[in-house]
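Coordinate analysis (summary)
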There are 2 protein chains.
Amino acid sequence: MINKVGREIPDELLIDGKEVYQGAYSRHKREYKKAAPVVRGFVDPKASKMVDSIKDALIKCEIRDGMTLSFHHHFREGDYVLNMVMDEVHKMGIKDITLCASSMGKAHDPIVPMVEDGTVTGIQSSGVRGKIGEIISKGKLPTPAVMRSHGGRVRAIQEGDIHIDIAFIGAPTCDEYGNCRGTGGKSDSGVLSYAVVDSQYADKVVAITDCLVPFPNLHASISQVNVDYVVVVDEIGDPSKIARGAAKPTKDMRNLMMADYCTKFVSSSPYFKDGFVYQTGIGGPSIASTISLGKIMRERGIKMSVGIGGIAGPMVKLHEEGLIEKLVDTQAFDLKAIESMRENPNHFEISTSEYANPMNKGAFVNRLDFVILAALEVDINYNVNVVVGSDGMITGAQGGHPDTAAGAKCTIIITPLVRGRIPTICTDVTTITTPGETVDVVITDYGIAINPLRQDLIEAMKDVKLPFCTIEELRDKAYAIVGEPEKVQFGERIVGIIEARDGTILDVVREMKEFVFRD
Amino acid sequence: MINKVGREIPDELLIDGKEVYQGAYSRHKREYKKAAPVVRGFVDPKASKMVDSIKDALIKCEIRDGMTLSFHHHFREGDYVLNMVMDEVHKMGIKDITLCASSMGKAHDPIVPMVEDGTVTGIQSSGVRGKIGEIISKGKLPTPAVMRSHGGRVRAIQEGDIHIDIAFIGAPTCDEYGNCRGTGGKSDSGVLSYAVVDSQYADKVVAITDCLVPFPNLHASISQVNVDYVVVVDEIGDPSKIARGAAKPTKDMRNLMMADYCTKFVSSSPYFKDGFVYQTGIGGPSIASTISLGKIMRERGIKMSVGIGGIAGPMVKLHEEGLIEKLVDTQAFDLKAIESMRENPNHFEISTSEYANPMNKGAFVNRLDFVILAALEVDINYNVNVVVGSDGMITGAQGGHPDTAAGAKCTIIITPLVRGRIPTICTDVTTITTPGETVDVVITDYGIAINPLRQDLIEAMKDVKLPFCTIEELRDKAYAIVGEPEKVQFGERIVGIIEARDGTILDVVREMKEFVFRD
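On a predicted model such as this, the values are computed, not experimentally measured, just so you know. (Residues numbered from 1 in each chain as written. Chains lettered and ligands numbered in written order. Predicted model: local features only at pLDDT ≥ 70, side-chain atom pairs only at ≥ 80, totals over all residues. Heavy atoms only, no water.)

1. Topic: the interface of chain B and chain A
Our working definition: Every residue pair with non-hydrogen atoms within 4.5 Å of one another is taken to be in contact. Summed over both partners, the accessible area (1.4 Å probe) lost when two parts come together is defined as the buried area. Criterion for a salt bridge: a side-chain nitrogen of Lys or Arg within 4 Å of a carboxyl oxygen of Asp or Glu. By the criterion applied in these results, polar contacts are pairs of N or O atoms within 3.5 Å in which, for protein atoms, one can donate a hydrogen and the other can accept it, and in which residues neighboring in sequence qualify only through two side-chain atoms. A run of H or I in DSSP becomes a helix once it reaches four residues, and a run of E becomes a strand once it reaches two; helices and strands are each numbered from the N terminus. Three classes are used: nonpolar for Ala, Val, Leu, Ile, Met, Phe, Trp, Tyr, Cys and Pro, charged for Asp, Glu, Lys and Arg, and polar for all others, with Gly counted as polar. When DSSP finds two or more bridges between a pair of strands, those strands are recorded as paired.
With 55 residues of chain B at the contact, the number on the chain A side is 55 residues. For the pair chain B and chain A, the summed buried surface comes to about 5300 Å²; carbon and sulfur atoms form 57% of the total. For the interface between chain B and chain A, the tally reads six salt bridges. The partner of A:Lys361 in a salt bridge is B:Asp228, and the shortest N-O contact between them spans 2.7 Å. Applying the counting rule to chain B against chain A returns 26 residue pairs in polar contact (both at pLDDT 80 or more). Among the elements of the structure, β1 (31–33), β2 (38–40), β11 (204–209), β15 (324–332), α12 (352–356) and α13 (401–407) of chain B are those that each provide at least two residues to the side of chain B that touches chain A. The residue makeup of the side of chain B that touches chain A, split by class, is 27 nonpolar, 11 polar and 17 charged. Relative to β2(B), strand β1 (residues 31–33) of chain A is paired through three bridges, and the arrangement is antiparallel. Looking at the pairing, A:Lys33 lines up with B:Val38 of β2(B).

2. Things to note about the domain arrangement of chain A
All names here are of chain A. Heads up, the condition is: Those domain boundaries reflect an automatic or database domain assignment.
Looking at the assigned domains, one finds that chain A contains domain 1 (32–242) and domain 2 (253–488). For domain 1 versus domain 2, the distance between C-alpha centres works out to 30 Å. Listed by partner, the interface residues are 33 residues for domain 1 and 31 residues for domain 2. Across the domain 1/domain 2 interface, buried area totals approximately 2500 Å², and carbon plus sulfur atoms make up 57% of it. By the criterion of area lost to domain 2, the three top residues of domain 1 are Arg 76, Val 191 and Ser 193, representing 18% of everything that side buries. One can count one salt bridge joining domain 1 with domain 2. The interface formed by domain 1 and domain 2 includes 24 residue pairs in polar contact (both at pLDDT 80 or more). Elements represented by at least two residues in the side of domain 1 that touches domain 2 include exactly α4 (130–137) and α5 (150–159). A per-element tally of the side of domain 1 that touches domain 2 places α5 first, with seven residues. Taken together, the residues of the side of domain 1 that touches domain 2 break down into nine nonpolar, 17 polar and seven charged.

3. Digging into the environment of A:Gly436
Our working definition: Exposed residues in this analysis have more than 50% of their type's maximum accessible area, buried residues have under 20%, and partly exposed residues fall in between, with area computed by a 1.4 Å probe over protein chains only.
The topology assignment puts A:Gly436 in the loop between β23 (425–426) and β24 (441–444). Look at A:Gly436 and you get buried, because its relative accessible area is 2%.

4. Structural notes on the relation of the copies chain B and chain A
The line we're drawing: Least squares is used to superpose the copies, and the fit set is the C-alpha atoms of residues whose pLDDT is at least 70 in both copies.
Screw-axis analysis of chain B against chain A gives a translation of 0.0 Å along the axis, an RMSD of 0.0 Å, and a rotation angle of 180°. Overall, the copies show the geometry of a two-fold rotation axis. No C-alpha of chain B lies nearer the rotation axis than that of B:Ala36, which sits 3.0 Å from it. When you check the interface residues of chain B against chain A, 100% turn up at the interface there too, and the contact is symmetric in its surfaces.

5. Regarding the environment of A:Lys409
Tracing the chain through its elements places A:Lys409 in the loop between α13 (401–407) and β20 (410–414). Spatially, the C-alpha atoms of A:Lys409 and A:Phe370 are 6.2 Å apart, while their sequence positions differ by 39 residues. Other than its neighbours up to four places away in sequence, A:Lys409 contacts A:Tyr271, A:Leu368, A:Asp369, A:Asp440, A:Arg454 and B:Lys46.

6. Examining the side chain of B:Thr434
Residue and element names in this part refer to chain B. Checked against the element boundaries, Thr 434 lands in the loop between β23 (425–426) and β24 (441–444). We classify Thr 434 as buried; its relative accessible area is 0%. Here His 401 takes part through its side chain, which lies 2.8 Å from a polar atom of the side chain of Thr 434. Setting aside residues up to four positions removed in sequence, Thr 434 forms contacts with Tyr 382, Asn 383, Val 384, His 401, Pro 402, Ala 405, Val 439 and Leu 506.

7. Quick notes on the confidence of the model for chain A
To keep it simple, the criterion reads: The predictor rates its confidence in each residue with pLDDT, a number between 0 and 100.
When pLDDT is averaged along chain A, the result is 94; 98% of the residues meet or exceed 70. In this model, residues 515–519 of chain A is a region of pLDDT below 50 whose contacts with residues beyond four sequence positions or in other chains number 10 contacts.

8. Examining helix α15 (residues 471–482) of chain B
All names here are of chain B. Where we set the bar: Any helix carries an expected span of 1.5 Å times its number of residues minus one. The arc in question is the one spanned by the directions pointing from the helix axis to the C-beta atoms.
Counted at 1.5 Å a residue, the expected span for α15 with its 12 residues is 16 Å, and the 17 Å between its end C-alpha atoms agrees. When we look at burial in α15, the residues that qualify are Ile 471, Leu 474, Arg 475, Ala 478, Tyr 479 and Val 482. The arc that holds the buried residues of α15, viewed along the axis, is 130°, so those residues lie on one side. Just downstream of α15, Gly 483 is the residue with a positive phi angle, here 85°.

9. Description of the sheet that holds strand β12 (residues 229–232) of chain B
Residues and elements named next belong to chain B. The 10 strands are arranged β3-β12-β11-β8-β4-β5-β6-β7-β27-β28 in an open sheet whose pairing can be described as mixed. At either end of the open sheet lies a strand with only one pairing partner, and these are β3 (50–51) and β28 (505–512). Bridge analysis of strand β5 (residues 97–101) against strand β6 (residues 120–125) gives four bridges, and the strand direction is parallel. Note on β6: the bridge partner recorded for Cys 100 is Gln 124.

10. A closer look at the pairing of strand β17 (residues 370–373) of chain A
In regular strands, side chains alternate between the two faces of the sheet. Residues and elements named next belong to chain A. Burial of β17 is two-sided: the residues Phe 370 and Ile 372 facing one way and the residues Val 371 and Leu 373 facing the other way are all buried. Here strand β13 (residues 276–280) runs beside β17; their pairing, made up of three bridges, is parallel. Across the sheet, the residue bridging to Thr 280 is Ile 372, located in β17. In this sheet, β20 lies alongside β17 in parallel orientation, the contact comprising four bridges.

11. A short note on the pairing of strand β6 (residues 120–125) of chain A
Residues and elements named next belong to chain A. Defined as follows: A clockwise course of the path from the first strand over the helix to the second, judged with the strands pointing away from the viewer, identifies a crossover as right-handed.
Within β6, six of the six residues are buried, which leaves it mostly tucked inside the rest of the structure. With two bridges connecting them, β6 and strand β7 (residues 145–147) associate as parallel partners. Its bridge partner being in β7, Ser 125 is matched across the sheet by Met 147. Once you follow β6 into α4 and on to β7, the crossover reads as right-handed.

12. With respect to unusual backbone geometry
Residue A:His219 is bonded to the preceding A:Leu218 through a cis peptide linkage, with omega at -20°. Among the structural elements, A:His219 can be located in the loop between β11 (204–209) and β12 (229–232). With phi around 70°, A:Tyr382 is a residue other than glycine that occupies positive phi space. Among the structural elements, A:Tyr382 can be located in the loop between β18 (377–379) and β19 (384–385). In this structure A:Tyr382 comes out as buried when scored by relative accessible area, which is 3%. In this model, B:Arg76 sits at a positive phi of 45°, which is unusual for a non-glycine residue. With respect to the helices and strands, B:Arg76 occurs in the loop between β4 (68–71) and α2 (81–91).

13. With respect to the packing of aromatic side chains
This is how it is decided: Side-chain rings of Phe, Tyr and Trp, where Trp is taken by its six-membered ring, are said to pair if the distance between their centres is within 6.5 Å; with planes under 30 degrees apart they count as stacked, over 60 as edge-to-face, and otherwise as tilted. Consider the ring centre and the ring normal. A charge sits over the ring if Lys NZ or Arg CZ is within 6 Å of that centre and within 35 degrees of that normal.
Considering all chains together, one arrives at 16 aromatic pairs over all chains under this definition. Judged by centre distance (5.3 Å) and plane angle (10°), the ring pair of A:Phe71 and A:Phe168 falls under stacked. Pair noted here: A:Phe71 is in strand β4 (residues 68–71) and A:Phe168 is in strand β8 (residues 166–171), with a separation of 97 residues, a long-range link. A:Phe168 carries the same exposure label as A:Phe71, and that label is buried. The interplanar angle of 65° and the centroid separation of 6.2 Å between the aromatic rings of B:Phe265 and B:Phe468 together place this pair among those described as edge-to-face. Within this pair, whereas B:Phe265 is found in helix α8 (residues 253–268), its partner B:Phe468 is found in strand β26 (residues 468–469), the two being separated by 203 residues in sequence. Counting every residue linked through ring pairs, the aromatic cluster contains A:Tyr271, A:Phe272, A:Phe276, A:Tyr278 and A:Phe370. The ring of A:Tyr177 carries the charged tip of A:Lys49 above its face, separated from the ring centre by 4.5 Å. A cation over an aromatic ring shows up here: A:Arg367 above the ring of B:Phe215, its NZ or CZ 4.1 Å from the ring centre.

14. Examining the sheet that holds β23(B)
Residues and elements named next belong to chain B. Strand order in the open sheet formed by three strands is β19-β18-β23, with mixed pairing between adjacent strands. Looking at which strands have only one partner, the edges of the open sheet turn out to be β19 (384–385) and β23. Where strand β18 (residues 377–379) lies against β23, two bridges are found, and the strand directions are parallel. The residue bridging Val 378 from the neighbouring strand is Ile 425, located in β23.

Here it is as C-alpha cells:
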C-alpha cells in the first residue's frame, strides 16, 4: 500500500492492526487504553532491594529467552550499562532478546557478535549509529529494526506496542530504595528523562548505579515505587564521553551565514514576540543561530519563556542572562547543561512523555513556536531524512526531530546545500523520517525555501531581505554543483521500519547492495 | 466467614474475588497487572484545554449516570471543589454517581440532599465526617460506603478495584496546559499528593483553579500530560479553613505527660539513632511529643534523616533547626508547613503512592522507624478504631493510620485512657480499622502497654523507668473509672465496609440503632 508520503509499504508489515502513515495528525483522535505492567508488591516493609551483581538482578527478574530489555542513552557514547547487562545475558546463554533502547550508538559496537550468535534478534531504537547500524543495513538482524522518534517510543510503550520485560536504569545517583537521579555522582548525566516511561511500564526495573547515596534521593527522576532492584557497579559510564566540554562557537563561514539567515527569518516571523518558546539542536549552525538570536533578543527586549531540549551551553547562557525564563530538559548535551541542571532552579527535568509523546494529553513540543533542526537530506516535498545515509546505511537517529517538527508552529531545517559530493536537497530522500507536511522552512547556504503549505509564512516574509527561492531551485543548484545522485540500489529484504510518531509506517529501509554514485 | 482479626464478614460481600482479611502482610506477594485508563491523545498541537465552566467540562467529559468521580481533600474543611462540581452534576439531573474522594468532611454536608435524591449512590473515601457520616450510619446510602486508608485507596485505583471516570483536581495554581501545583495562589495547599494517582488512572481529568499562572507551572504536582481540561473559577476553597494557623503547644497536663512518656519510650528504643525516620500526627499529644523529642535530639546530638507526613509546624521547626534532614509530605497541615513547602529546598512533595501504597515496589511508610498515632478506641488485641464513634456513628477517617502502622518498625498509639465517659481502652473495639498485629505500643495517661508480639521491645524496655503494664490492666483501669460500656446495638444492614490496605475486608459497619450506655 502507498502511504500519504508516497512510499510503498509491503502488505506483510500491515498485520496486527498496523497501518500505513496517513498524515501527521490523522490518527491522534482515537481513544486507547493505556498499557500496564505486571508488578509484584513489595512483600516485607523491611526487605532490601540491594542485589550483589547484575547477574543476580537478572536471575531475580527471571530473565529468559525472548524477553525485551530496555535501556536509555543519557550516557551517549560513554554508556557502559547496556554492554554490561548484555555481557551477563550473553554469558548466561539467553537467546532471542529484543533491545528496546531510547537510542544506540558506537558505544554499543560490542553488541555486534551478540546479533551474530542469536543473543539479540530484535532492535527497537530511535536510531543506530556505528557497527550495529552497519550489520542491520547488511541484513544480519533476523527481524527488521524498528526506529521511532523519542515521542513515538513513549507512545509505543504506553499503547502496548512494545512490552518491556525488564528495564535497566543507569543512575548517576541512586539510594538503596531505588530513587534515581541524573544529577550528582561521578557519571553525572543531568537528567534521566528517557527512562521514566520505561520505569513506569516495565514489569521489572533494575537501577544500576556507581554512586549509592543516602535515602531518600529526591527529587527522584525515577521513583522508588517503580524500582525492584538496585545494583552498585564500579562505573556506569565514561564521564569524558557522557559530558562533552562546552560547545564552541563555529568559525565556519557557511555555518555563520546560515545562522544569520535563520535569525533573520525567526525575528521577522509573527511568532517572534515576548514569551516565545524555542528549541534547537547542537549542530554548528544551530548553536551559531542560538548565539545570534540572543543578540536580536537583547536589541529588541524580547524574552523567551521556555527553551525546550536537548539543552546545550548556549541556551544555558541565555537563561543565566535572563533572556530565557525556564529551561525544560530531556537530555543534557554538555557540561554546562549538566551544571545548570544542578544549579539553576528554573532548569527543569521533564520526562520524554511530557516532552514529545503524541498520544498523551499534550506534550511540550506542542507549545513550540520555533524548532531549528538539521537534516541528512531534504526533498522537494520537504520530507526529511535523518537516519539513513545517502549510501543506504543506517547511520543516524530520529531523536525528537519528527516530534518537534509536528509540534512547532514554525519548523526550520538548517543544512548546507551539499556535503562533500552529496546533495542535501534532492528530488526524493533515501528514506523519509520526518514528513514534509510538518516542515516549514529550509535554510541553506545557497538560499531559503518556504513550504508552499505555509502561505502565511510566505506572506509574512514578502518584504524580508533574505535569499528566498523554491525548494526545486535549491535542488537544481545542488545537482548543478555535485551532479544528480544515482538512486541507491537496495536489495529486497526489509531491514528497518521507520515508524511515524503515531505508530503508522512512514517508510522502510531495505538491505544495502553495492553503493553506486554517478560520475 | 471469620477473618484474621475475628470479625464475621458476611458471604454476600465476598464476591468478585473479594477476600476477608488474612493478616497485615499476607497478600502482598501476589503479582497483578496494573489498571490503565482509556485516554484520547491531544488532537491538535495548537488546541486549547481551557473551558468556560465546570458545566462545560462535564459536557466535554461526557458525564453520564453511573459514573465515578474523584476528588482530593487537600483543602480539608475549606474545600469548595467537590460541592461546586456536584452542584452542576445535580443541576444536570445526573444520577447514580459514586464519589471516590481521598477524604470527606463537614465541608461536604451539602451533598446530603444529593444522597437522598439518588444523585449520589456510592461513596468511597478514607472516612466521612459530619452529616454525610450520619446519613451513611443511618442507612440512607443505597450501597455500603467503602472506607480505605490513603495507601489502600491508591492500591485500589492501581489494581482496578475502582475505575475513575472523571477526576477533578482542585489546583491552587495551574497553567492553561494543565500543569498543577499545590503552592502559590490564593488557596495554597502546599502539595497535591492525593490527586496524583487520580490524574494517572482516571479516563478524564479536569483541573479547577482560581489562580491561572503562565505556562509552564513547574515542578508540576499534576502533569499536563494527564489533564484534559482546565477551568478557572472564583474560589476553589476558603483559605482560612485550608490552612490553619500554627499549631499551638498543648498546656493540657495529661497530654504533656503522655508526650513525655512517648519521648522517653522512643529515645530508649533501639531505633532511636542518628538517621532515624519518623512520622507523627497533629493531635495535642503528638505535637507535644514532637517538641519534647526535639529536646532529646539536641541533647544527644541525634538527627532525624526523614520526617514523613502529614507535616505540621513543629516538624518544620525541627527541620529548619537542622535536626531533620528532609521532610517528605503528602499533606500540609498548617500555614507553617505550606510556607516550608514553598521555601525549604529539602521539603519534598511525594505522591500518595510513594507515601503509602502497599502494592507498589516500596512506599515511604516502609522506611519508618517510628510512627506516633492517635485512636478513638484500642482493644486488648491492640486493634485500633479511628473511624466509628463508640456510639456507632461513622465520624472519622482511616487516613494513613493503617499504612504507617504496617510500615513502621515501632508503631505507638498515644491516647488518654478515657474520654469523658468513654473508655478508650476496651475489650473489643466497635470497629477494627487498624489491625492489632501492626500496633506495638499503647501510651496512655495511666500506663503503657507493649504488644506481646514485640518481645524485643519488651526486652529493650526492661530497665526503663516508665509505667509499663498490660493492655488488660489498662482496660480494667478504664472500666473501673467510667464503667464497662454496653456493646453498641447495631441494626442488620451493612452501611460501611472497612477495607484493609491490601483490599481485603477488615470489618463492616452496620446501621445505627438506639444508643445504649450502661449506668
